[in-house]
Amino acid sequence: MKILVCVSKTPETTANINFTNNNTEFDTNGVSFIMNPYDEWYALVRALELTEANGGSVTIVNVGPSINDAVIKKGLAIGAKDAVRIDAEPTSALFVAKQIAAYAKSEAYDIIFTGKESIDYNGSLVGGMIAELLDLPYISYASSMELAGSTATLQREIEGGTEVVQLDTPFVVSAAKGMAEQRIPNMRGIMMAKKKPLNVATAEAAQSNEKVVEFKEVPKDRAIKMINPEDMAELVRLLHEEAKAI
Amino acid sequence: MYDNGTHVYTVEKSVKTDLFESHDHYNVDELLSDDHKLARDAVRDWVKAEVSPIIEDASEKAQCPLHLFKGLAEIGAFGPSLPEKYGCGGMDEIAYGVIMQELERGDSGIRSMASVQGSLAMYPIYRFGSEEQKMKWLPKMASGEIIGCFGLTEPDHGSNPAGMTTNIKDDGDSVILNGAKMWITNSPVADMAIVWAKNEEGRIKGVIVERGMKGFTTPEIHGKLSLRASITGELVFEDVRVPKANILPNVEGLKGPLSCLSKARYGIAWGAIGAAMDCYDSALRYSMQREQFGRPIAGFQLTQKKLAEMITEITKAQLLAWRLGSLANVGKATPAQISMAKRNNVNMALEIAREARQIHGGMGITSEYPIMRHMMNLETVLTYEGTHDIHLLITGMEVTGLNAFK
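Residues numbered from 1 in each chain as written. Chains lettered and ligands numbered in written order. Predicted model: local features only at pLDDT ≥ 70, side-chain atom pairs only at ≥ 80, totals over all residues. Heavy atoms only, no water.

Q: How do you make sense of the domain arrangement of chain B when you look at a structure like this?
A: Residues and elements named next belong to chain B. Domain boundaries in chain B define domain 1 (20-142), domain 2 (148-246) and domain 3 (255-400). On the domain 3 side, the residues contacting the eight residues of domain 2 number ten residues. Summing both sides of the interface, domain 2 and domain 3 together bury roughly 790 Å²; the carbon and sulfur share of this comes to 75%. The tally of links between domain 2 and domain 3 comes to zero salt bridges. At the junction of domain 2 with domain 3, the criterion picks out four residue pairs in polar contact (both at pLDDT 80 or more). Among the residues making up the side of domain 2 that touches domain 3, the classes are represented as five nonpolar, two polar and one charged. (Domains from an automatic or database assignment. Contact = heavy atoms within 4.5 Å. Buried area = accessible area lost by both parts, 1.4 Å probe. Salt bridge = Lys/Arg side-chain N within 4 Å of Asp/Glu carboxyl O. Polar contact = N/O pair within 3.5 Å; in protein donor to acceptor, adjacent residues only side chain to side chain. Nonpolar A, V, L, I, M, F, W, Y, C, P; charged D, E, K, R; others polar.)

Q: Hey, could you run me through a nonpolar patch on the surface in this one?
A: Residues and elements named next belong to chain A. The grouping of M232, L235, V236, L239 and I246 at the surface amounts to a nonpolar patch, some 420 Å² of accessible area in total. With respect to the secondary-structure elements, I246 resides in the segment after α6 (232-241). What makes I246 exposed here is its relative accessible area of 56%. (Patch = residues over 30% accessible without salt bridge, like charges linked within 9 Å, V, L, I, M, F, W, Y side chains within 5 Å. Areas by Shrake-Rupley, 256 points an atom, 1.4 Å probe, with all protein chains shown as cover. Helix = DSSP H or I, 4+ residues; strand = E, 2+ residues; numbered from the N terminus. Buried < 20%, exposed > 50% of the residue type's maximum accessible area, 1.4 Å probe, protein only.)

Q: When you look at the environment of D82 of chain A in this model, what are you seeing that I'm missing?
A: Residue and element names in this part refer to chain A. Along the chain, D82 falls in strand β7 (residues 82-87). Put simply, D82 and K195 are 113 residues apart on the chain and 9.5 Å apart in space, counted from C-alpha to C-alpha. Discounting chain neighbours no more than four positions away, the residues touching D82 are V58, T59, I60, L76 and P197.

Q: What should I look at first to understand the interface of chain B and chain A in this one?
A: Put simply, an interface is often sized by how much accessible area is lost when its parts join up. Opposite the 19 residues of chain B that make contact, chain A presents 15 residues. Both sides together, the interface formed by chain B and chain A hides about 1,500 Å², and carbon and sulfur atoms give 63% of it. Summed over the shared surface of chain B and chain A, the result is three salt bridges. In this structure, the salt-bridge partner of K195 of chain A is E84 of chain B, at a minimum N-O distance of 3.6 Å. The interface formed by chain B and chain A holds six residue pairs in polar contact (both at pLDDT 80 or more) in total. Per-element accounting of the side of chain B that touches chain A gives the leading share, eight residues, to helix α1 (residues 34-61) of chain B. Of the residues assigned to the side of chain B that touches chain A, the class counts are nine nonpolar, four polar and six charged.

Q: Got a minute to help me understand the packing of aromatic side chains in this structure?
A: Using the criterion set out here, one finds twelve aromatic pairs over all chains in the structure. Ring centres of Y103 of chain A and Y109 of chain A lie 6.3 Å apart, and the angle between their planes is 40°; this geometry places the pair in the tilted category. Owing to a relative accessible area of 17%, Y103 of chain A belongs among the buried residues under this scheme. By relative accessible area, which is 7% here, Y109 of chain A ends up buried. Each ring, one from Y96 of chain B and one from Y266 of chain B, has its centre 6.1 Å from the other, and the planes form 20°; the classification is stacked. Of the two residues, Y96 of chain B is situated in helix α3 (residues 93-106) and Y266 of chain B in helix α6 (residues 255-289); the sequence distance between them amounts to 170 residues. With respect to burial, Y96 of chain B and Y266 of chain B carry one shared label: buried. The rings of F19, F26, Y121 and F215 of chain A are connected pair by pair, giving a single aromatic cluster. One residue, R211 of chain B, lies across the ring of Y2 of chain B, its end atom 3.7 Å from the ring centre. (Phe/Tyr/Trp six-rings, centres within 6.5 Å; stacked < 30°, edge-to-face > 60°. Lys NZ or Arg CZ within 6 Å of the ring centre and 35° of its normal.)

Printed below as a string of C-alpha cells:
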C-alpha cells in the first residue's frame, strides 16, 4: 500500500489576519504557520493507520518554498516515511494540483489523500483537480475509510444522512472530521524525522491565469442589536430590512 | 510505577477548553530551530489534551494523576536530552527547556514529575553510572515502566546538604544504608531512588535503592497546599542492605548531587516561564473581556501597567533561558549562571501570578482560572532546588569571591 498525503501550510488558527499591497496579499508578518489541520489530523493520521494495519508507506507532498519545510517536518515526526516538496509558490489550486499530479503520475500511489479543505482559503479544489488530471475516481469529504485488500469502503456525511461508497484503489480522497484523531508527535519521532528524506523537486511549468484582485475583510464594527425576546416582529423586520438575510 | 493500592485517582475531566495562546513579544521563536518548535508545540498540544482538562480537579483533590507518567513517557518528556541508545530523545538542552516550559504552563507539579524522573533520577545514572547500570535502568525509565526519585534533602539538612547524616557502612558485597530523606517528589510511587549518603570516610556516594529492599519505606507527605497534583514523600532507610553493584561508580562528593540539581534547576528556569505565560495569557484575555465603568479593564492605565510589566519580564526571562540553553548546548553553562536564571525566572513567575490574580479580581481565587494554582505551586518552586536566597548567595559568591554561606 503506497499512500500519498498532500499537505498545505496554513496560518495558525488564532493568527491575526491582515492584508497588504492594496488588499491583494495576505500579510504574513508575525503570523505563525501550521500544517492544515484537515491534512494533518484526518488525512495523514488515517493514512498512517492504514499502512500500520496493512503494511506500506506514507509519503507527504507539499507545494511551496523552503520555509514550508518546518510544516513538512511535523508530518515526518508524526510518522510519514518521506516527503517531497515541490519548490514553487502555490499560486492557485490548479497550479498546485498540476504540480502534484505531475509528481504522482510516475509513482503509482494506491491512495492520494488531501484534507477536505484548507482552513485559510477553504477552496476544497485540489483533491478533485488531482483526480481529474490523473483520471482517477475522487471521493470528497470522507469521514471514515476502511480497507479490505484493495477495496475501500468510505462514508461521506451528506445533507440529512450518510452515504457509504465502495471502490477499488487507486483513487483520490479528501478527508473530513471523523476520519481519525489528532496524533501528537513525540520527541523520538521529532528526532527520527531529521533522518528521513525530505526531497525537493523542481516545479513543472504550469500557467495560472487567475489572480486575486482584492481581499475584503468582514466589517469589524458591526454593532450587536439586542431585541426583546417577545418582539418577534422587530427581529423579522431587522433580519429583512437591515441584515437582508431573509 | 509502584502501586500499593492506596494511591487513589478519581479525578474528573472538565469540559472547559484550554484557550492558552503564547505571546512572543520579541520574536524569540526565531531563535529556536524547527525541532525546538516542533517539540514545544507537541508538548503544548499534549498538555491541552491531557493535563488542562483534569489539572484543576486533581489539584483541588490533591490527587496525583498517576496515569500521566505513562503519557509523559510516550511524549518523550523523560530524559529528552539523554542519548537515543538508552531509549531517550537525544535532543539538545534548548529542546529540554521548551519541554519543561510547556509542562509547567500546564502545572508545576506535572513538570516536577518529569524533572525528577529525567534530571534527578535518570541523569545521575547516565552521568555517573556504569554502562551496565545505564542499560539496566535508563530504557525502562525513559518508557515510564520504572519511576525514579532523588534523595538528597534530609529533615535537618536542606540548604546545607553537606551536613547529611544518611550513611552507608561496608558489609562485604553490600553496604548497609541508614537515615532518612525528606520532600521527595514521586517517592511514594517510585520503583527506585537515587540516594546520596556518606560512606565511612565521610565521602558522599550515590546509591540506587530499589523498591522492595528490606527496611526501605516511602511514607507520603500529606497536607501540602502547593504542588497538590504531584505526589511527595519521605525515604526512610533502616538497615537497608544494598548491593555494591548499585553504587554509582563514577562520582564522589557533593558534586554528584549538585550536578543533577544544576540540570533540574536549568529545567526550572525554563519551566517557570511557562507558568508565567499561562498567568499572563489568562490575565490579558480576562482584562479584555471584563468591563467596568463601561469599558474593558484592559483599557485602564493601572491594568496596562501590570500587563506591560508582565510581558516585559516574561520576555527578559525568555532571553535569559535561551542564552543559558545556548551555553548549556556547548557545555558552558556554569552552576552560578543556572542559579541566576532559576532564581530570576521563578521569582518573575510568582510576581506575575500575583499581579494576574489582581487583574482577575475575585475570579482569580477560584479554580475557574489557573492563577491561584500556579501561584501556590510557585511558592514551592521558589524554594525547592535551591532557595531563592541561596541562589542569590551563589551569585554573590561568584561576583565577590567571598563565601557568605558560613
